[in-house]
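Chain by chain, the residues run as shown.
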Amino acid sequence: MRKNQKIGITIEARMGSTRLPKKVLKPLHGRPMLARMVERLQKVKLADVIVIATTDQPEDQPLVDLAKELGVGCYRGSSEDVLDRVLQAAKAYNIDLIVETCGDCPLIDPGILDREIEVFLDNDIDYVGCHLVKTFPIGLDAKLFTTKTLEEVANLTDDPADRENVSLYIYEHPERYKILNIEAKGRYC
């Protein structure tokens, strides 16, 4: 089933959110929201590594410190080019299959992520998500694709929207990529 793939969860996180600055460190039941999210992600059975993909800005040092405290990986990269940041994080940790998450999803569901990983590994596809037909609440799932696919995308587009929204190019080009959307029904719930 695993086909010798290293599966890594990347968490895009930064302190410079414009709508709610420092939101990823806001307390949630006595712990930073990002720490609560990592606790949930550590329950994903099929993942080999968790990596916080943050920026190289000095204001994001607390996220590096938190990653160390939590015993998860950390990669620092561009604050503007999130696609490249995630790609370089995946390369730095030798990740083959990226499970892309955002750092403001403390209620993410480990069961849904395991199911998404299973579906990806069991099918000949380039992308798995739950958001194309929205049947799950926002923030419970992830977007999955290989590092190889993301590297190809990085070479195909310089569009700022694609560089900010890591997997946007993939799911907006179904003529190029095999895409599968999982819906909330049956055992997916």
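Above this note sits the structure.
Remember, predicted model here, so these are calculated numbers, not experimental data.

Can you tell me about helix α2 (residues 61-70), naming the residues and giving the values?
Those residues of α2 not exposed but buried are Leu63, Leu66, Ala67 and Leu70. Projected down its long axis, α2 carries its buried residues within an arc of 105 degrees, all on one side. In α2, the exposed residues that point more than 90 degrees away from the buried face are Lys68 and Glu69. At its buried positions, α2 is contacted by β3 (31-32), α1 (33-41), β4 (49-55) and β5 (73-77).

Before we move on, could you go through the packing of aromatic side chains and cite the residues and values that matter?
Here the structure, examined in full by the defined rule, presents 2 aromatic pairs. Centre to centre, the rings of tyrosine 127 and phenylalanine 145 are 6.4 Å apart; their planes meet at 0 degrees, and the pair counts as stacked. Within this pair, whereas tyrosine 127 is found in strand β7 (residues 127-129), its partner phenylalanine 145 is found in strand β8 (residues 143-146), the two being separated by 18 residues in sequence. For the pair formed by tyrosine 127 and phenylalanine 145, the shared burial category is buried. Judged by centre distance (5.6 Å) and plane angle (45 degrees), the rings of tyrosine 127 and tyrosine 171 are tilted.

A description of helix α5 (residues 147-156) should follow, citing residues and the corresponding values.
Where α5 is concerned, the buried positions are Thr147, Thr149, Leu150, Val153 and Ala154. Projected onto a plane normal to the axis of α5, the buried residues spread over an arc of 155 degrees and lie on a single side. Within α5, the exposed residues directed more than 90 degrees away from the buried face are Lys148 and Asn155.

Definitions and limits used
- Each chain has its residues counted from 1, following the order in which its sequence is written.
- Confidence filtering applies because this is a predicted model: local features only for residues at pLDDT of at least 70, side-chain atom pairs given and counted only at 80 or more, and all residues used for totals across whole chains, interfaces and linings.
- Computation of side-chain values: all heavy atoms of the structure, hydrogens and water removed.
- Relative accessible area decides the class of each residue, using a 1.4 Å probe on protein chains only: under 20% of the type maximum gives buried, over 50% gives exposed, and in between gives partly exposed.
- Only DSSP runs of H or I covering at least 4 residues are called helices, and only runs of E covering at least 2 are called strands; the numbering of each starts at the N terminus.
- As used here, the arc is the angular range of directions from the helix axis to the C-beta atoms.
- Residue contacts are defined here by distance: any two heavy atoms, one from each residue, within 4.5 Å place the two residues in contact.
- Each pair of aromatic rings taken from Phe, Tyr and Trp, with Trp reduced to its six-membered ring, is defined by centres within 6.5 Å and is described as stacked if the planes are under 30 degrees apart, edge-to-face if over 60, and tilted in the remaining cases.

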